[in-house]
Amino acid sequence: MLALFEQRRDLVFITGDLGYMALERVAEAFGERFINAGVAEQNAVSLAAGLAREGCLPWVYSAAVFAVLRPFEQIRNDVCLHQLPVKLVGNGGGYAYGIMGATHHALEDVAALRALPHMRLYLPLVAADVAMVVRQMAADPSPNYLRLGLSATITGEVPGFAPWRKLKAGRGAVVVGAGPVLQGLYELDSPRLFGELEIWSVGTLPLDPIPAELAASIEEKGRVITIEEHYRAGGLGEALSCLLLTSGVRPRSLVCLHAAGYPSGRYGSQRWHLEESGLVGPALRAHLQELLRA
Amino acid sequence: MYKKANAGHIGSSLSCAEILVFLKFAWMRGDDTLVLSKGHAAAALYSVLAEAQVLTAADVASFYEEGTKLPALPPFNAFEEIPFATGSLGHGLSLSAGMALGAKLQGRDKRLFCVTSDGELDEGSVWEAALFIAHHQLTNVVWVIDRNGIQAIGKTEDVLALEPLDAKLRAFGFHVLTVDGHDLASLLAAREDCEAAWRARPAPVVIVANTVKGNGISYMQGTVDSHYLPLSDERYSEALAELEHAHAAALRDHGNAS
């Protein structure tokens, strides 16, 4: 952001009173263009729409759930209908707020924003993606949403941020995922199983046309598994299913792995919730093994 | 327009007609922008924009017609003079604040005139915007509240009491001016008071314009029905006759005065 601010003096950074020990340098650099709008997300988003109409490039930062769901109608009416370049930044997508509990998790932010016209979502995977994503968002005249979380640690070479990225080859099944939840695949503790997986990362929604290599790979292997830290409804699995069908790509099987919510009524860290949802750890391993045997 | 369209919401338009005329033709200049947050009064806005030659007679005649550019509430990205599609209540003041701040950051001399209804003040987001405008001392926002005392299905004081409204607004940090929203002389005086208030102590201004829903047409005045009911032929003729009478009387008075 700081580097971008040096080049783009039309930037305005609005926070919904979050960013302690994180935004101090931004505040200092941006001066009067840094605004703490208080715990008032509805106003913050309409304010950003007004700023954008005057030619500014506003970024609105809050927790993912408060940046998207509290001011949803402001995003719909004031930003998306008018196709204004307002940049929403939601920190803590999925279960990232962990033990803070259900009110602080964002498990339906992607679904909500996918429904809106002109909105483009950015879902970075690794830390190195973020700078590139921020530059792309600044150049994108559409409304955008940046879903941030603790970035993934991925072994092996990760190509630069792109709407579709092939992370590794494998012969048994194609796994398509979005965001840091993909890290779970790299921690399966079963080299044989891991070796079977061809892994792709989705960086933006709506999905770009399916790459020919991915389409061919799906036709060849027949098995597609999607993985996302989000409810199933309106998420990546549904988006990809639709894209595959409308593109004439027909896998033999398609399984969507997704956040389960709060099945036990108990709370824990992000990792704890991911385990309960079967998105990391032994449950994920067992599930994938079963799918590959089928 | 409402007769031809067989539509409701005429009461909302009549309560702010003079306010919009006053703002557009007696106060706004240059880049100043009007945000009609109470989008239900779109017909009043369209009439003013037609008078200002932004809209054509054909545009106005198409109000409510299939395929019109002018729906019952303001459209998005259609006319430069309608910066935002409004009518989902509680957005306009924040949008005005954003434009005001954007203009200020870019060193542009521009004022935002935002007209909200009073029923709209039920929306919490209006008060978020009020806090923001006061905190950032956005003196290039002029907020006008069309205080007709009636909201969708009841009187504001019966539904969710707003009074003491002046005290609330003052407590939020606004200069509060109260005017008769149907009297151009009173509105003009408010413009002068507003500028005097700014000279005395720069602070954001809100004008509480006391108005009558369905103003000018006696059977509509102050009624909830005027928010909804279309005009029958008989009621339409009655309303026109009353307006023509009032118009003739105003011309006569003006003639006598000058």
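About the cut-offs
Residues numbered from 1 in each chain as written. Chains lettered and ligands numbered in written order. Predicted model: local features only at pLDDT ≥ 70, side-chain atom pairs only at ≥ 80, totals over all residues. Helix = DSSP H or I, 4+ residues; strand = E, 2+ residues; numbered from the N terminus. Rg over C-alpha atoms; globule rule 2.2 N^0.38 Å. Buried ≥ 20, exposed ≤ 12 C-beta atoms within 10 Å, placed from the backbone. Contact = placed C-beta atoms within 7 Å. Axes fitted to C-alpha atoms, helices over the stretch in contact; angles between N-to-C directions. Parallel < 35°, antiparallel > 145°, perpendicular 65-115°, else oblique. Left-handed = near helix turned anticlockwise from the far one by under 90°. Domains from an automatic or database assignment. Nonpolar A, V, L, I, M, F, W, Y, C, P; charged D, E, K, R; others polar. Pairing = 2+ DSSP bridges.

> For this particular structure, what's the right way to read the overall build of chain A?
Within chain A, the secondary structure is distributed over 13 helices and 12 strands. For chain A, whose C-alpha radius of gyration is 19 Å, the value lies close to the compact-globule estimate of 19 Å for 294 residues. Across its three principal directions, the C-alpha atoms of chain A cover 60 × 40 × 35 Å. Counting over 294 residues, chain A shows a buried share of 46%. Of the contacts made within chain A by residues no fewer than 6 positions apart, 76% connect residues no fewer than 24 positions apart.

> I tried to follow the packing of helix 3 (residues 41-53) of chain A against helix 6 (residues 124-135) of chain B on my own but got confused; where do I start?
Packed helix pairs are characterised by how far apart their axes lie and by the angle those axes make with each other. Between helix 3 of chain A and helix 6 of chain B, the shortest axis-to-axis distance is 8 Å and the interhelical angle comes to 70 degrees. Here helix 3 of chain A lies roughly perpendicular to helix 6 of chain B, going by the angle between them. Considering how the two elements wind past one another, helix 3 of chain A and helix 6 of chain B form a crossing that is right-handed. Residues Gln42, Asn43 and Leu47 of chain A of helix 3 of chain A form the contact with helix 6 of chain B, whose participating residues are Ser125, Glu128, Ala129 and Phe132 of chain B.

> Looking at this model, I keep getting lost on the domain arrangement of chain A. Mind explaining?
You'll often see interface size given as the accessible area lost when the parts meet. Residue and element names in this part refer to chain A. Domain annotation for chain A reports domain 1 (2-148) and domain 2 (164-293). Each of domain 1 and domain 2 has a C-alpha centre, and the two are 26 Å apart. Contacts between domain 1 and domain 2 engage 19 residues on the former and 27 residues on the latter. Those elements that provide at least two residues to the side of domain 1 that touches domain 2 are helix 6 (109-114) and strand 5 (120-122). Along the lines of polarity and charge, the residues of the side of domain 1 that touches domain 2 split into 11 nonpolar, four polar and four charged.

> Honestly, the environment of valine 65 of chain A in this entry has me stumped. Any pointers?
Residue and element names in this part refer to chain A. The topology assignment puts valine 65 in helix 4 (residues 64-68). Owing to 23 C-beta atoms within 10 Å, valine 65 belongs among the buried residues under this scheme. Discounting residues that sit within four places of it in the chain, valine 65 has contacts with His104, His105, Ala106 and Asp109.

> Honestly, helix 5 (residues 72-81) of chain A in this entry has me stumped. Any pointers?
Along an α-helix, residues three or four positions apart point the same way, because every turn accommodates 3.6 residues. All of the buried residues along helix 5 of chain A are Gln74, Ile75, Asn77, Asp78, Val79 and Cys80 of chain A. On the buried face of helix 5 of chain A, the contacting elements are helix 3 of chain A together with helix 5 (92-105) of chain B.

> Before we go on, may I ask you to explain the sheet that holds strand 2 (residues 34-36) of chain A in this structure?
Within a sheet, adjacent strands bond to each other through the backbone by hydrogen bonds, running parallel or antiparallel. All names here are of chain A. On the basis of which strands lie adjacent, the open sheet formed by seven strands has the order 2-1-3-4-6-5-10 and mixed pairing. In the strand order of this sheet, the two ends are held by strand 2 and strand 10 (204-205), each with one partner. For strand 3 (residues 57-63) and strand 4 (residues 87-91), the ladder comprises five bridges, and the chain directions are parallel. Following the sheet pairing, alanine 63 is matched in strand 4 by asparagine 91. The sheet contacts of helix 3 involve strand 1 (11-15) and strand 3, and relative to strand 3 the element is tilted by about 165 degrees.

> Explain the sheet that holds strand 2 (residues 112-117) of chain B to me, please; I cannot follow it from the model alone.
Residues and elements named next belong to chain B. Pairing in this open sheet of five strands is parallel, and the strands run 1-2-3-7-6 from one edge to the other. Of all the strands in the sheet, the pair left with one neighbour each is strand 1 (33-36) and strand 6 (175-180). Between one strand axis and the next, the sheet turns through 20 degrees on average, direction left out of account. Looking at chain direction, strand 3 (residues 141-147) and strand 7 (residues 205-210) are connected through six bridges and run parallel. By the bridge assignment, valine 142 is partnered in strand 7 with valine 205. Taken strand by strand, helix 5 contacts strand 1, strand 2 and strand 3, and its axis lies near 170 degrees from that of strand 2.

> What should I look at first to understand the interface of chain A and chain B in this one?
Facing 25 residues of chain A, the contacting portion of chain B comprises 23 residues. Looking at the side of chain A that touches chain B, the elements that each hand over two or more residues are helix 3 and helix 5 of chain A. The element best represented in the side of chain A that touches chain B is helix 3 of chain A, accounting for nine residues. Its residues assigned to classes, the side of chain A that touches chain B shows nine nonpolar, 10 polar and six charged.

> Explain the environment of glycine 184 of chain A here, please?
Residues and elements named next belong to chain A. As for its placement among the helices and strands, glycine 184 is situated in helix 8 (residues 183-186). Separated by 96 residues in sequence, glycine 184 and valine 280 place their C-alpha atoms 4.7 Å apart. Not counting residues within four places of it along the chain, the set of residues in contact with glycine 184 comprises Leu274, Leu279, Val280 and Leu284.

> Where do I start with unusual backbone geometry in this structure?
If a residue is not glycine, its phi is most likely negative; likewise, a peptide bond is most likely trans. Geometrically, the link from leucine 205 of chain A to proline 206 of chain A is a cis peptide bond, its omega value of 0 degrees lying close to zero. Residue position: proline 206 of chain A is located in the loop between strand 10 and helix 10 (212-221). That bond from glutamate 163 of chain B to proline 164 of chain B is cis: its omega, 0 degrees, falls within 30 degrees of zero. Despite not being glycine, histidine 9 of chain B has its phi angle at roughly 75 degrees, a positive value. Secondary-structure assignment places histidine 9 of chain B in the loop between helix 1 (2-5) and helix 2 (10-27).

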